[in-house]
Amino acid sequence: MDQNLLVATGIKVTYAKHAGLFGSKPSTPVLHGVDIRIGKGQTVGIVGESGSGKTTLGRALLRLVDVSAGKIAFDGRNITHIPETEMRPLRRRMQMIFQDPMASLNPRHTIRRILTGPLLLHGLAGDAATALEQVKSVLDRVSLPAACVERYPHELSGGQRQRIGIARAVLMQPDFVLADEIVSGLDVSTQAQALKLLKGLSRELGLAMAFISHDLSVIRAVCDYVYVMRLGKVVEEGPCEQVFASPSAAYTRALLDAIPLPEYDPGWLERRTET
Ligand SMILES: Nc1ncnc2c1ncn2[C@@H]1O[C@H](COP(=O)(O)OP(=O)(O)OP(=O)(O)O)[C@@H](O)[C@H]1O
């Protein structure tokens, strides 16, 4: 049985720039042939400085940006150029959690509507009452009170909104979740709680995850395997333990040197959540 869930090879992405005054359309190559492999149930980190192409790669994996070269296979199927109508059924299986949950939660809808709506839309619940039961059970799993369903996004804290974002993704019963810088806007202890929650959920539900972060200590806390990106290329990859213990690329060593010493320690997540 193929243990790979998502396999991307030779991915190139070029963004078209706006037409200039004289009509020329120069384009910006952003990914220069990236290979990435995510196993079923595996948590993979994608790390690199701002502008290295992490978000673009994540969006390419989900077919949210077009690739100019390369191949993306999801669960053994080549999805590189399939039309959106064929992508649609796969979208439920490939969820995304955003950095700014406020921007992705409709401010005029209650949490009940935000969370039950997609369940009903995708036929994962037969009726509104069943959908609400499923929502309450997942809210409990992400340590939010059931009464949250009557709240609006602005009535929740940043950490609670991020939990709603996680709950929304998990409710879709996905095989793969892309989490793009999801803790960077949160304070340190809320960050650690959200990371611990996701780590637990991915193990419990057998979810594969790609965790995008500029912060190696976050990657180290949750990932099994890491890809280090620089200027649109993967400069190093390997099991987290190996890359952290003996990085082979000078760029990875520089990123590791930039981590404050107390966080350069795999136990930091446990300790942060204890406080
Ligand atoms: N829609 C777009 N149109 C044109 N250029 C873009 C677009 N999105 C990103 N870029 C450019 O592509 C490059 C890679 O951006 P990307 O957001 O993928 O990197 P990143 O590593 O995720 O950075 P960050 O951590 O800052 O989000 C950057 O130079 C960025 O300016």
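All of these numbers come straight from a predicted model, not from anything done at the bench. (Residues numbered from 1 in each chain as written. Predicted model: local features only at pLDDT ≥ 70, side-chain atom pairs only at ≥ 80, totals over all residues.)

## Quick notes on the overall build of the protein chain
The following threshold applies: Elements are defined by DSSP. Helices are runs of H or I of four residues or more, strands are runs of E of two residues or more, and each kind is numbered from the N terminus. We compute the radius of gyration from the C-alpha atoms alone; for a globule the expected value is 2.2 Å times N to the 0.38, where N is the number of residues. To sort residues by burial, count the other C-beta atoms lying within 10 Å of each one's C-beta; a count of 20 or more means buried, 12 or fewer means exposed, and anything in between means partly exposed. C-beta atoms are built from the backbone. Working definition of a contact: two residues with C-beta atoms, positioned from the backbone, lying within 7 Å.
The secondary structure content of the protein chain amounts to 11 helices and 10 strands. Radius of gyration (C-alpha) of the protein chain: 19 Å, near the 19 Å computed for a compact globule of 275 residues. A principal-axis box enclosing the C-alpha atoms of the protein chain has dimensions of 50 × 50 × 50 Å. Buried residues in the protein chain amount to 38% of all 275 residues. In the protein chain, 66% of the contacts between residues at least 6 apart in sequence involve partners at least 24 apart.

## Points about the pairing of strand β3 (residues 43-47)
How we decide: Think of it this way: DSSP has to see at least two bridges between two strands before they count as a pair.
Judged by how many residues are buried, β3 sits mostly within the fold: 5 of 5 residues are covered. Of the two faces of β3, both are covered, the one formed by Thr43, Gly45 and Val47 as well as the one formed by Val44 and Ile46. Looking at chain direction, β3 and strand β9 (residues 225-230) are connected through 4 bridges and run parallel. Bridge pairing in β9 links Val47 to Val228.

## Some details on the pairing of strand β6 (residues 94-97)
Along β6, one buried face is formed by Met94 and Met96 and the opposite face, lined by Gln95 and Ile97, is buried too. Two strands pair when backbone bridges link them, and β6 and strand β7 (residues 176-180) are joined in this way by 4 bridges, in the parallel orientation. Each bridged residue has a counterpart across the sheet, and for Met94 the counterpart in β7 is Phe176.

## Quick word on the nonpolar core
Spelled out, the test is: Buried Ala, Val, Leu, Ile, Met, Phe, Trp, Tyr and Cys residues whose C-beta atoms connect them within 7 Å together make up a nonpolar core. Start and end positions for the domains come from either an automated domain assignment or a database one.
Grouped together as the largest cluster of nonpolar side chains are 73 residues, with contacts concentrated most on Leu61, Ala167, Ala179, Ala210, Phe211, Ile219 and Val226. When residues are assigned to domains, this core turns out to be shared by domain 1 (1-19 + 35-93 + 177-275) and domain 2 (108-173), each giving three or more. When near neighbours in sequence (up to four residues on either side) are disregarded, Ala167 contacts Leu115, Val138, Leu139 and Val142.

## Remarks on the domain arrangement of the protein chain
Operational definition: Throughout this entry, Asp, Glu, Lys and Arg are counted as charged residues, while Ala, Val, Leu, Ile, Met, Phe, Trp, Tyr, Cys and Pro are counted as nonpolar. The remaining residues, Gly among them, count as polar.
As assigned here, the protein chain comprises domain 1 (1-19 + 35-93 + 177-275) and domain 2 (108-173). Each of domain 1 and domain 2 has a C-alpha centre, and the two are 25 Å apart. Listed by partner, the interface residues are 12 residues for domain 1 and 9 residues for domain 2. The element best represented in the side of domain 1 that touches domain 2 is helix α7 (residues 188-205), accounting for 7 residues. Along the lines of polarity and charge, the residues of the side of domain 1 that touches domain 2 split into 8 nonpolar, 3 polar and 1 charged.

## Considerations on helix α4 (residues 111-121)
Inspection of α4 places Ile111, Ile114, Leu115, Thr116 and Leu119 among the buried residues, and these make up the whole buried set. Along its buried surface, α4 packs onto α5 (128-141) and α6 (158-171). Gly123, located one to two residues past α4, shows a positive phi value of around 70°.

## Describing the sheet that holds strand β1 (residues 4-16)
Spatially, β2-β1-β4-β5 is the arrangement adopted by the 4 strands of the open sheet, whose pairing is antiparallel. The two strands at the open ends of the sheet, each matched to only one other strand, are β2 (27-39) and β5 (77-78).

## Remarks on the site of the ligand
Keep this limit in mind: Using a C-beta atom placed from the backbone, a residue is scored as near a molecule or strand whenever that atom is within 6 Å of it.
Around the ligand, the structure places Tyr15, Thr28, Val30, Gly48, Ser50, Gly51, Ser52, Gly53, Lys54, Thr55, Thr56 and His214. At the level of elements, β2 and α1 (54-61) are the ones that each hand at least two residues to the shell around the ligand. Element by element, the count of residues in the shell around the ligand is highest for α1, at 3 residues. Split by residue class, the shell around the ligand holds 2 nonpolar, 9 polar and 1 charged.

## A short note on the packing of α4 against α5
Applicable threshold: Axis angles are defined between N-to-C directions and span 0 to 180 degrees, where every axis is a line fitted to C-alpha atoms and, for a helix, only to the segment in contact. When the near helix sits turned anticlockwise from the far one by under a right angle, the crossing is termed left-handed; a clockwise turn instead gives a right-handed crossing.
It is the contact of α4 with α5, at a shortest axis distance of 9 Å, that shows an interaxial angle of 115°. The two elements α4 and α5 cross, and the hand of that crossing is right-handed. Of the residues in α5, those touching α4 at Arg112, Leu115, Thr116, Leu119 and Leu120 are Ala128, Ala131, Leu132, Gln134 and Val135. Its residues assigned to classes, the contact of α4 with α5 shows 7 nonpolar, 2 polar and 1 charged.

## Comments concerning unusual backbone geometry
One non-glycine residue, Arg63, lies in the positive phi region at around 60°. Topologically, Arg63 is positioned in the loop between α1 and β4 (69-74). Backbone geometry places Ser143, a non-glycine residue, at a positive phi of 60°. By the secondary structure assignment, Ser143 is in the loop between α5 and α6.

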